[in-house]
Amino acid sequence: MPHVDTENLRISFFEAGSKHGKPVLLLHGWPDDASTWDDVSSRLAEHDLRLIAPYLRGFGGSVFRNNDALRSANSEILAMDAIALMDGLGIDTFSVVGHDWGAGVTEALAIGWPDRVERMALLSSLPRMGGLKTPSFKQAQRYWYHWFMATKRGAEAIASNPHGFARIQWNNWGPEGWFEESTFNAVSKSFDNTDWVAVTLHSYQARWGEAEVDPQSRWLDDRIKETKSLSLPTLYFQGMEDGVNPPELSERLHEKFSGPFQRIALQNVGHFPQREDPETVARELAIFLGS
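The following refers to the structure shown. (Residues numbered from 1 in each chain as written. Predicted model: local features only at pLDDT ≥ 70, side-chain atom pairs only at ≥ 80, totals over all residues. Heavy atoms only, no water.)

A few points about unusual backbone geometry
Consideration 1: Omega for the bond connecting Trp30 with Pro31 falls within 30 degrees of zero, at -10°, which places this linkage in the cis form.
Consideration 2: Within the secondary structure, Pro31 sits in the loop between β3 (22–27) and α1 (38–44).
Consideration 3: In the Ramachandran plot, Asp100 falls in the positive-phi region, its phi being about 55° despite a non-glycine side chain.
Consideration 4: In this structure, Asp100 sits in the loop between β6 (94–99) and α3 (101–112).
Consideration 5: By relative accessible area, which is 6% here, Asp100 ends up buried.
Consideration 6: You will see that Ser124, though not glycine, has its phi angle at about 70°, which is positive.
Consideration 7: As for its position among the elements, Ser124 is in the loop between β7 (117–123) and α4 (137–142). (Helix = DSSP H or I, 4+ residues; strand = E, 2+ residues; numbered from the N terminus. Buried < 20%, exposed > 50% of the residue type's maximum accessible area, 1.4 Å probe, protein only.)

Looking at the packing of helix α7 (residues 162–172) against helix α8 (residues 181–188)
The geometry of a pair of packed helices is captured by two quantities: the angle between their axes and the separation between those axes.
Consideration 1: Running from N to C, α7 and α8 cross one another at 135°; their axes reach a closest spacing of 11 Å. Taken together, α7 and α8 sit at an angle that is classed as oblique. Here the hand of the crossing between α7 and α8 comes out right-handed. Contact residues: His163, Ala166, Arg167 and Trp170 in α7; Glu181, Thr183, Phe184, Val187 and Ser188 in α8.
Consideration 2: Here the residues of the contact of α7 with α8 are counted per class, giving four nonpolar, three polar and two charged. (Axes fitted to C-alpha atoms, helices over the stretch in contact; angles between N-to-C directions. Parallel < 35°, antiparallel > 145°, perpendicular 65-115°, else oblique. Left-handed = near helix turned anticlockwise from the far one by under 90°. Contact = heavy atoms within 4.5 Å. Nonpolar A, V, L, I, M, F, W, Y, C, P; charged D, E, K, R; others polar.)

A look at the packing of helix α2 (residues 75–88) against helix α10 (residues 218–226)
Consideration 1: Contact pair α2 / α10: the axes reach a minimum separation of 8 Å and the direction vectors enclose 115°. With respect to each other, α2 and α10 are oriented roughly perpendicular. Regarding α2 and α10, the two cross each other, and that crossing is right-handed. Touching Glu76, Ala79 and Met80 of α2 are Trp219, Leu220, Asp221 and Ile224, all from α10.

So, the pairing of β7
Consideration 1: Burial analysis of β7 places six of its seven residues in the buried class, which makes it a mostly covered element.
Consideration 2: When β6 meets β7, the two strands line up parallel, connected through five bridges. Counted as the bridge partner of Val97 is Ala121 from β7.
Consideration 3: With α3 bridging β6 and its parallel neighbour β7, the resulting β-α-β unit is right-handed.
Consideration 4: Sheet analysis places β7 next to strand β8 (residues 234–239), joined by four bridges and oriented parallel. Counterpart to Leu122 in the pairing with β8 is Tyr236. (Pairing = 2+ DSSP bridges. Right-handed = clockwise from strand over helix to strand, strands pointing away.)

Notes on the environment of Glu7
Consideration 1: Structurally, Glu7 can be placed in the loop between β1 (3–5) and β2 (9–17).
Consideration 2: Put simply, Glu7 and Asp214 are 207 residues apart on the chain and 15 Å apart in space, counted from C-alpha to C-alpha.
Consideration 3: Filtering out sequence-adjacent residues up to four positions away, Glu7 remains in contact with Arg65 and Asn66.

Focus: a nonpolar patch on the surface
Consideration 1: Side chains of Trp144, Trp147, Phe148 and Ile168 sit close together on the surface and give an oily, nonpolar patch of about 320 Å² of accessible area.
Consideration 2: Assignment of secondary structure puts Trp147 in helix α5 (residues 144–149).
Consideration 3: Overall, the relative accessible area of 33% leaves Trp147 in the partly exposed class. (Patch = residues over 30% accessible without salt bridge, like charges linked within 9 Å, V, L, I, M, F, W, Y side chains within 5 Å. Areas by Shrake-Rupley, 256 points an atom, 1.4 Å probe, with all protein chains shown as cover. Salt bridge = Lys/Arg side-chain N within 4 Å of Asp/Glu carboxyl O.)

Topic: the side chain of Asp214
Consideration 1: Relative to the helices and strands, Asp214 is located in the loop between α9 (196–207) and α10.
Consideration 2: Put simply, Asp214 is tucked away with no salt bridge, and the nearest opposite charge, on Arg57, sits 4.6 Å away.
Consideration 3: Ignoring any residue separated from it by four or fewer positions in sequence, one finds Asp214 in contact with Leu70, Ser72, Asn74, Ile77 and His202. (Lys, Arg positive; Asp, Glu negative; His and termini not counted.)

Honestly, that's just the spatial picture; any functional story needs more than this.
Here it is, written out as structure tokens:
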């Protein structure tokens, strides 16, 4: 598998489409991996796009090269990883498509490097510009796994059964029977990365102030909190059966964008639109990225 080495990481990635096409960075979420884009990428192969889908740090083949590096995974440090990847590939400007964690990274890229990100598409996860607010009790119930990870016993339970912890999210976040057992089993191999548990815990603890963001990325964390709106062209995919970020959360999302914005609601789709309805996602992305 191709990879780019940085000071602390070896970032592995898939590449598809046209080598000389418009660069598009595809960022996966949690608990998932880079294969989440396979069905979308195959449908976009005929378009003039260079599709690059990395494994985030601590997933699959993206491993730490430095034993002393912090096993951090706040969105901002993941965005810095993404910039290092694109620098390593010699790519200056590009578009970004991000799902779940990847959506947070996409937003961080757009805010931190506005001269490099041309347009962005977000799937299933709301932007955090302006800072995260304490959720309602109803949403906090959906976020039970966030709070579980903030406890010592929760962290120990996850470390003892990472596949089981990931599996219950897949069960809860979409319509019954939305995925094949073989698909989850294949993806869950990426969770065997020795740092997957550590980066998972840090990502969720840091976003609620239960852990510090990586010091290298604090400047970007501050900038995201200070940002109130974005003007770059943006597409948002909302699964109408999303069990963790339901459609009512994104109904007023357009208010955060001063430029072109479109929200696409997908019927009978949960939290993983690119896996559940790759045909529609690919069709809309082809139009959006080709504009």
